[in-house]
Structure formats: C-alpha cells, structure tokens
Amino acid sequence: MRGLTAFVLLCLTFWTQAAEIPVVALPGGGYAYKEVESIRERRFRSLIPQKTDFSCGAASLATILHQAYSLQVTEQMVIEGMLSHADPETVRTKGFSMLDMKRYVESIGLRARGYRVSDAQFRRLQMPVIVLLDVRGYKHFVVMQRTRNDWVYIGDPILGHKRYAFEDFKKGWNGIVLAIVGPGYDRTNVLLSPPDPLTARDRMNAFQPLQDAQLMEFGFIQSDFF
C-alpha cells in the first residue's frame, strides 16, 4: 500500500497536465484509471489565459469566441485582428479598448454591443459578456460568466476562475458590459457552468453523511434504519 501511495504522489508531482493515473481497485490487483488535472488546469478550465501585459481584452474575447461560438481562434489571432483596426501606439501604452474589440468582432461577421446596465439587469444576464474591472487602479478585462444568488462568476485571463460577492464586484466595475451576438451562439456553452471554487469547505461539504430524512427521499423506508 505504501508503494502504491508513493507511486501516486510521484505521478501527481510530475504530471502537470490532465492525465489518467492507475489505481489498484479491481479484483486480483487489477488497475482502474482515474483522470486527474492540476490545480492550474482546473483554474483555467475553458479559459484562454493572457500571455502579455496588455492582452487581457484579447484573451477574454478569444475565450468567448472559442467557447460560445466554436471559433478556432487564439489570443494571438485576436491581437493581430484588433491591431489592424487600432492605433498601435495607443495599444502599447493603454492596451486595447472595448471599441477595438467591437471593430474586430464586426470584421468577422458578428456584432458587439456595449450596454450600461442596472444591477437587476446584470443579474438577469443569460450569456457570458466582457466587463472592465478596476483592480487597485489597474484596468482589467475579464469574462463575466454568470451570476448566481449573490455571487458573480468571473473568467479572469490572469487568475483563472474566480467568484466575487456582488457588492464587492460592483466596487471595481464601471457598470458596462460588452455582449457578443450573432449566428452560431451555443446557448449551453461551457462558460455558463464555471467550476466550483476549490476550497476546503466545499470539499468537506461534499462528503458530509446523509441524514435519515434525506435517505427517505431516495426510497428508503423507516424500517431500513433499524
């Protein structure tokens, strides 16, 4: 058993990409295979991370085009496309703007619309949109994936999947969303189902024992508990 544990730990140490690890779980010592992923992979699952200081807008836009419209685009492709419609010097000093994104999106046959929305309208959004956050004075584009209860789920091209309490989110948000609309939109795209946060509390809650009343909901009868 110790040998197997050491082997699994060794695999997890060296495998930084999603892979399958063998686990002795079958009769006679046969192996079953369990798919695992690194914490970084989970953090950026379905997102395109940014690779330069000024490309948060390009990475966010590429994420929506790839996941919601099934377009085979990369961050670099979007950067080059936006540069053809933008002033390179302005981009070099200030980064891309929502206007740059709008021009690029329209050049590939889709539409981009910027809207100033109320809190209630924001909570009713049913599609991923791009928002601009002010993070300690740093202007940063991210993908707003969905809202749920009092949480806002964000696909951040630097930090990966995050969620904010709505009131905390509003402190850095300018009240504007950029929506990409057009043919080919997947209403069930993966961005609408971000992964749950990786926290100890969430993991422990998943393993809490069922109570008797909950068991009865699954078809058990009272005599089964004696």
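As annotated in an unreviewed UniProt entry, the protein is C39 family peptidase from Pseudomonas schmalbachii.

Colleague: Lay out the side chain of Q145 in plain terms, naming residues and giving numbers.
Modeller: Looking at the secondary structure, you find Q145 in strand β5 (residues 138-148). On the basis of relative accessible area, Q145 is assigned to the buried category, the value being 1%. A distance of 3.2 Å separates a polar side-chain atom of Q145 from the backbone nitrogen of G155. When neighbours within four sequence positions are excluded, Q145 is seen to be in contact with M127, P128, Y153, I154, G155, H161, L191, L192 and P194.

Colleague: Tell me what's going on with the pattern of salt bridges, and back it up with residues and numbers.
Modeller: Counted according to the given criterion, the structure contains eight salt bridges. Across the pair E89 and R92 runs a salt bridge whose closest N-O atoms are separated by 2.5 Å. Of this pair, E89 and R92 both sit in helix α5 (residues 88-94), three residues apart, which is roughly one turn of that helix. Classification of R92 as exposed rests on a relative accessible area of 58%. The shortest N-O distance in the salt bridge between E106 and R113 comes to 3.4 Å. One network of salt bridges, with partners in common, ties together K102, E106 and R113.

Conventions used here
- Residues numbered from 1 in each chain as written.
- Predicted model: local features only at pLDDT ≥ 70, side-chain atom pairs only at ≥ 80, totals over all residues.
- Heavy atoms only, no water.
- Helix = DSSP H or I, 4+ residues; strand = E, 2+ residues; numbered from the N terminus.
- Buried < 20%, exposed > 50% of the residue type's maximum accessible area, 1.4 Å probe, protein only.
- Polar contact = N/O pair within 3.5 Å; in protein donor to acceptor, adjacent residues only side chain to side chain.
- Contact = heavy atoms within 4.5 Å.
- Salt bridge = Lys/Arg side-chain N within 4 Å of Asp/Glu carboxyl O.

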